[in-house]
Amino acid sequence: MTPFQYKQDTLYCEDTPLTEITQAVGTPVYVYSQAELLRRAAAYQTDNGLACYAVKANGNPALLRRLGEAGMGADVTSGGELFLARRAGIPPEKIIYSGVGKLRPEIERALAVGIRALHVESAMELETIAEVALQQQTIAPIGVRVNPNIAVETHPYISTGQREHKFGVPPDTAVAILQFAQQHPWLRPVSLAAHIGSQITDLSPFVESAHFLVKMAGELAGNGVHLQYLDVGGGLGIDYGDGDWRMEAGDSTPQSPVSPLQSPDIAEWVTAVSQPILQAGYELVMEPGRSIVGPTGTLLTKVVYTKPQGDREFLIVDAGMNDLLRPTLYKAHHPIWPVEQVTGTLEAPVTYNVVGPICETGDFLAKVRPLPLQEPGNLLAVMQAGAYGFAMASNYNGRPRPAEVLVDGNRYLVIRQRQTYEHLLDGTM
Ligand code: LLP
């Protein structure tokens, strides 16, 4: 199910033709479906469970506000994300803070606003939290991010739950931290958390992780440390079409014949991870990012030139790696759909390397990608781009950041203006 559908050869988001948006707002532009966003948020609602949206996936204030209104909390990873979550009206008791490098002023702010818990990622960080708590004369609720040493099949840059990764602490350290907190007058142990990675399309490592948390929590309870909630993190994958990061291999190699990966749907995931945790009597916390916003968004871009070169056919478009970094950084595969299709041309006559205007060979949106014959002015929709799309955009090559638009039925709202050249001077002398 997707909110992006063709009606009479034009791609729509809900009931709005994408061409109506590009005519008014230009390209490149990220377009999100409100209905899909809310449908996904609702799928994470469960009794005795709180889904804390991972703000890093897409921190647009309008999206955060809607997710907050739909009952979601926030998982933040910086003072900036805490600021965005609070501004969006997400109540502090629904905010958790994970991250390996929390700065003292960030910890001060988090304790001052009274968030649900700081998820500690090192013994040294715990010391800083204890100092700040004492200074503020506030009891700091803490969780520990434990590293369950579970291997997952995803891109190595976004696998996080193994011993050699920088995230979390090993189980024995987690126990020591929570026991220390139990004894400490200004610390209160409330949780154990694990986040094993991102874009994981298999349920079993998540279930393994949930059982791991329950087992550890049981042992801690035996030692007098009674936790309130267990947090299974985020990481549920989405369907990137013909495959995922494994696909965009070489420059001229056709995509590998890996069969499409079917991610479990949200409800299935929630049921699987919640069962062991709720049965053991703990509250459940989840930290989904990609699976909330990824499929709700597309990046619209316009063809500028076509350029046959060597044995390649380059399609030069007006979006680049500064707008959508995932293909460059992870060789990520995003499906690309023509916004206006001529009936019958879907069976792709031309194989393109879709590239942006940035001065880097790594600046591409797709390689060896079959598409209907393109010409300048055509619009393309880079699909599944709602998560880690705008969030990782930059001004590289002096490019203003793109606009963002939220569609609601047959109406749309510009939820972030396109930057102008003046923005390139922000804060400079
Ligand atoms: N919780 C923690 C502690 C995390 O580090 C992350 C993501 C999440 C939750 C949300 O994970 P999700 O449900 O979105 O998989 N830039 C990469 C993804 C980086 C993920 C970082 N951490 C990408 O574009 O694929």
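Each chain carries its own residue numbering, running from 1 in the written order of its sequence. Local features in this predicted model are restricted to residues of pLDDT 70 or higher, and side-chain atom pairs are both shown and tallied only at a pLDDT of 80 or more, whereas totals for entire chains, interfaces and linings draw on every residue. Heavy atoms throughout the structure, all of them, feed into the side-chain values; hydrogens and water do not.

Comments concerning the environment of Pro-335
Inference 1: Mapped onto the elements of the fold, Pro-335 is located in the loop between α11 (326-330) and β15 (336-338).
Inference 2: For the pair formed by Pro-335 and Leu-365, sequence separation is 30 residues and the distance between their alpha carbons is 9.6 Å.
Inference 3: The contact criterion used throughout is that any non-hydrogen atoms of two residues lie within 4.5 Å. Once residues lying within four places of it in the same chain are set aside, the contact partners of Pro-335 are Tyr-240, Gly-241, Arg-369, Ala-381, Val-382, Met-383 and Gln-384. Only DSSP runs of H or I with at least four residues qualify as helices, and only runs of E with at least two residues qualify as strands; both kinds are numbered from the N terminus onward.

Here's the deal with the sheet that holds strand β3 (residues 16-17)
Strand pairing in a sheet is mediated by backbone hydrogen bonds. Such pairs are either parallel or antiparallel.
Inference 1: The criterion for strand pairing is that DSSP finds at least two bridges linking the strands in question. The 3 strands are arranged β1-β2-β3 in an open sheet whose pairing can be described as antiparallel. A strand with exactly one partner marks an edge of an open sheet, and here the two such strands are β1 (4-7) and β3.
Inference 2: Two elements, strand β2 (residues 10-13) and β3, share 2 bridges in a ladder whose sense is antiparallel. Bridged to Tyr-12 within β3 is Pro-17.

Examining the site of the ligand
Inference 1: Lining the immediate environment of the ligand, one finds 18 residues, of which Ser-198, Glu-287, Arg-326, Tyr-330 and Tyr-388 sit closest.
Inference 2: Within the side chain of Glu-287, a nitrogen or oxygen atom sits 2.5 Å from a nitrogen atom of the ligand.
Inference 3: Arg-326 has a polar side-chain atom sitting 2.6 Å from an oxygen atom of the ligand.
Inference 4: Areas reported here follow the Shrake-Rupley algorithm with a probe of radius 1.4 Å; residue values treat only the protein chains shown as occluding. Considering the ligand on its own, with 590 Å² of exposed area, one finds that the protein chains cover 92% of that surface.
Inference 5: Residues are grouped as follows: Ala, Val, Leu, Ile, Met, Phe, Trp, Tyr, Cys and Pro are nonpolar; Asp, Glu, Lys and Arg are charged; all remaining types, including Gly, are polar. In terms of residue class, the shell around the ligand is made up of 6 nonpolar, 6 polar and 6 charged.
Inference 6: What fixes the domain bounds is an automatic or database domain assignment. When residues of the shell around the ligand are sorted by domain, at least three fall in each of domain 1 (34-290) and domain 2 (295-425). In these notes, residues near a molecule or strand are those with any non-hydrogen atom within 4 Å of it. By the criterion applied in these results, polar contacts are pairs of N or O atoms within 3.5 Å in which, for protein atoms, one can donate a hydrogen and the other can accept it, and in which residues neighboring in sequence qualify only through two side-chain atoms.

Points about the packing of helix α8 (residues 204-222) against helix α9 (residues 266-279)
Inference 1: For helices, the axis comes from a line fit to the C-alpha atoms of the stretch in contact; other axes are also lines fit to C-alpha atoms, and the angle between any two N-to-C directions lies between 0 and 180 degrees. Look at α8 against α9: their axes get within 8 Å of each other, and the N-to-C directions meet at 20°. One element, α8, and the other, α9, form an angle in the roughly parallel class. Our pair here, α8 against α9, has a crossing hand that is right-handed. Touching Phe-206, Val-207, Ala-210, His-211 and Val-214 of α8 are Trp-269, Ala-272, Val-273, Pro-276 and Ile-277, all from α9. Working rule for angles: under 35 degrees goes down as roughly parallel, over 145 as roughly antiparallel, 65 to 115 as roughly perpendicular, anything else as oblique. Crossing handedness is defined as follows: a turn of the near helix away from the far one that is anticlockwise and smaller than a right angle gives a left-handed crossing, while the clockwise case is right-handed.

Concerning the sheet that holds strand β5 (residues 49-54)
Inference 1: Strand order in the closed barrel formed by 8 strands is β5-β6-β7-β8-β9-β10-β11-β12, with parallel pairing between adjacent strands. Across the sheet, the axes of successive neighbouring strands diverge by a mean angle of 30°, strand direction being ignored.
Inference 2: As defined by bridge partners, strand β9 (residues 140-145) adjoins strand β10 (residues 187-193) across 6 bridges and the pair is classed as parallel. Looking at the pairing, Arg-145 lines up with Ala-193 of β10.

Focus on the pairing of β10
Inference 1: With respect to burial, β10 is a largely interior element, 6 of its 7 residues being buried.
Inference 2: Viewed along the sheet, the connection from β9 through helix α7 (residues 171-183) into β10 turns out right-handed.
Inference 3: Handedness of the β10-α8-strand β11 (residues 229-231) crossover: right-handed. Between buried and exposed lies partly exposed: a residue is buried under 20% and exposed over 50% of the maximum accessible area for its type, with that area taken using a 1.4 Å probe on protein chains only. Note on handedness: a clockwise path from strand one over the helix to strand two, with the strands aimed away from the viewer, defines a right-handed crossover.

With respect to the domain arrangement of the chain
Inference 1: Each domain of the chain was delimited in the assignment, giving domain 1 (34-290) and domain 2 (295-425).
Inference 2: Using C-alpha coordinates to define each centre, domain 1 is positioned 30 Å away from domain 2.

Section: the nonpolar core
Inference 1: For the purposes of this section, nonpolar cores are sets of buried Ala, Val, Leu, Ile, Met, Phe, Trp, Tyr and Cys residues that join through side-chain atoms within 4.5 Å. Ranked by size, the top nonpolar core spans 95 residues in total, and within it Tyr-44, Leu-192 and Trp-269 carry the most contacts.
Inference 2: There are two domains that each give this core at least three residues, and those are domain 1 (34-290) and domain 2 (295-425).
Inference 3: Ignoring sequence-local partners within four residues, the contact set of Leu-192 consists of Val-144, Val-146, Ala-174, Leu-178, Leu-213, Met-216, Ala-217, Leu-220, Leu-227, Tyr-229, Leu-230 and Asp-231.
Inference 4: In this structure, Val-31, Val-339, Leu-379 and Val-407 belong to the second largest nonpolar core, which totals 16 residues.

As for helix α3 (residues 61-69)
Inference 1: Turning to α3, its buried residues number three or more, namely Ala-62, Leu-63, Leu-64, Leu-67 and Gly-68.
Inference 2: Positive backbone phi, at 100°, marks Gly-71, one or two positions downstream of α3.

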